[in-house]
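Here is what each chain is made of, one letter per residue.
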Amino acid sequence: MKAIGWTALGTGWLGFVICGVLLTPAHGQQAGERTLPADVDPVSRFRLPLPERESLDEAGKRTYDAFNSPDRQSLAGLQGPTGIRLHSPKLVTAMSSTNDYLRRRTGLEARLTELAILVTAREMDNQFEWTLHELAARKAGLEQTIIDLVKHRRPNTGLGEKETIIIRFGRELMGRRKVSAATFADAHRIFGTRMLVDLTQLMANYSATAALLTAFDMQLPLEMEPLLPLP
């Protein structure tokens, strides 16, 4: 999937670009309308400033450049979990290969991978993770009716077998903190051993990312409309 990046005019955010499509601000929303929490850095958009490139070791500089490039594969570049992890450069290097495998190389369809991430983001109630991955899920071909079903925690009825079990499995794993024997058996039958391990690790990985985003209070770009209804 082509990288997602920010566009800007001067110092102001104008919108969000996914695969070359510009998403403009929400209707009626003006630049600067949403203010940041007092402890959030206005450049990084989380509770720490972005690390200075020159303060990093060579591996850290390579990571910084890779995630700051227009050709990056990260959804958010440095204004996201990678920017947080870059404060621990060895961590970000280790996580990058894991994230790349789980999101792109397991053999699971992209739309189903994004569905699994959305189920996780919804159970974790993380606005940043949900919003970026709802946009990515649309681009991957996941139907808006399925996205809305997860978003509004509706019953997962009338869906295909794979979609149904991903939602059921994720809701039990992340929401109830327990997977029933029946759900596990169905998931194992549908996906097989290796794919089920990968699917479970994908959800676990994005639950950890949601925890990181929550702890550092990662904010959406100024003009990006929050897509997850939260209290």
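Computed from a predicted structure; not experimentally measured. (Residues numbered from 1 in each chain as written. Predicted model: local features only at pLDDT ≥ 70, side-chain atom pairs only at ≥ 80, totals over all residues. Heavy atoms only, no water.)

1. Remarks on the pattern of salt bridges
Threshold: Criterion for a salt bridge: a side-chain nitrogen of Lys or Arg within 4 Å of a carboxyl oxygen of Asp or Glu. The buried label applies to any residue whose accessible area, calculated with a 1.4 Å probe on protein chains only, is under 20% of its type's maximum; exposed applies above 50%, and partly exposed to all values in between.
Taken as a whole and judged by the stated rule, the model has 22 salt bridges. A salt bridge links Asp 39 to Arg 47, with the nearest nitrogen and oxygen atoms 2.7 Å apart. For Asp 39, a relative accessible area of 40% translates into the label partly exposed. When salt bridges that share partners are traced, they join Arg 53, Glu 54, Glu 58, Lys 61 and Asp 65 into one network.

2. A word on the side chain of Glu 172
Basically, it comes down to this: Helix and strand assignments come from DSSP, with helices taken as H or I runs of at least 4 residues and strands as E runs of at least 2, each series counted from the N terminus. Every residue pair with non-hydrogen atoms within 4.5 Å of one another is taken to be in contact.
Mapped onto the elements of the fold, Glu 172 is located in helix α7 (residues 161-176). With near-sequence residues (within four places) excluded, Glu 172 lies in contact with Arg 177, Lys 178, Val 179, Ser 180 and Thr 183.

3. Comments concerning the layout of surface pockets
Condition: Think of a 1 Å grid over just the protein atoms. A cavity is a set of points where a 1.4 Å probe fits yet cannot get out, a pocket is an open set with protein on both sides within 12 Å along at least five of seven lines, and lining residues have an atom within 4 Å of a point. Grid points are joined across faces, edges and corners, and a volume is the space filled by probe spheres set on the points. Here the nonpolar group is Ala, Val, Leu, Ile, Met, Phe, Trp, Tyr, Cys and Pro; Asp, Glu, Lys and Arg are the charged ones; every other residue, Gly included, is treated as polar.
When its volume is computed, the second largest pocket comes out at roughly 220 Å³. Lining the second largest pocket are 13 residues, with Gln 127, Phe 128, Asp 217, Met 218 and Gln 219 sitting closest to its centre. Counting residues per element, the ones that place at least two in the lining of the second largest pocket are α5 (127-139) and α8 (181-215). Of the residues that constitute the lining of the second largest pocket, the class distribution is 6 nonpolar, 4 polar and 3 charged.

4. Details of the packing of helix α6 (residues 144-151) against α7
Two measures define how a pair of helices packs: the angle their axes make with one another and the distance between the axes. Our working definition: Axis angles are defined between N-to-C directions and span 0 to 180 degrees, where every axis is a line fitted to C-alpha atoms and, for a helix, only to the segment in contact. We call two directions roughly parallel when the angle between them is under 35 degrees, roughly antiparallel when it is over 145, roughly perpendicular when it lies between 65 and 115, and oblique otherwise. Left-handed is the label given to a crossing in which the near helix is rotated counterclockwise from the far helix by less than a right angle, and right-handed is the label when the rotation is clockwise.
At a minimum axis separation of 12 Å, α6 and α7 run at an interaxial angle of 20°. Between α6 and α7, the crossing angle belongs to the class labelled roughly parallel. Relative to α7, the crossing made by α6 is right-handed. Across the interface between the two elements, Ile 146, Leu 149 and Val 150 from α6 touch Glu 163, Ile 167 and Arg 171 from α7. Residues belonging to the contact of α6 with α7 are distributed by class as follows: 4 nonpolar, no polar and 2 charged.

5. As for the environment of Glu 114
With respect to the helices and strands, the residue Glu 114 is situated in helix α4 (residues 110-124). When its relative accessible area of 3% is taken as the criterion, Glu 114 is described as buried. Note: C-alpha distance between Glu 114 and His 133 (19 residues apart in sequence) is 6.7 Å. With near-sequence residues (within four places) excluded, Glu 114 lies in contact with Arg 103, His 133, Ala 136, Ala 137 and Ala 140.

6. Comments concerning α8
What counts, and what does not: Each residue after the first adds 1.5 Å to the expected span of a helix. Bend, in this description, refers to the angle at a residue between axes fitted to the seven residues ending there and the seven starting there.
A rise of 1.5 Å per residue sets the reference length of α8, with its 35 residues, at 51 Å; its end C-alpha atoms lie only 33 Å apart and thus fall more than 12% short of the reference. The sharpest bend along α8 measures roughly 110° and falls at Gly 192.

7. Description of helix α3 (residues 89-105)
Its 17 residues place the ends of α3 23 Å apart at the C-alpha level, agreeing with the 24 Å of an ideal helix rising 1.5 Å per residue. Regarding α3, the residues found buried are Val 92, Met 95, Asn 99, Asp 100, Leu 102 and Arg 103. In the segment just after α3, Gly 107 is the residue with positive phi, at about 95°.

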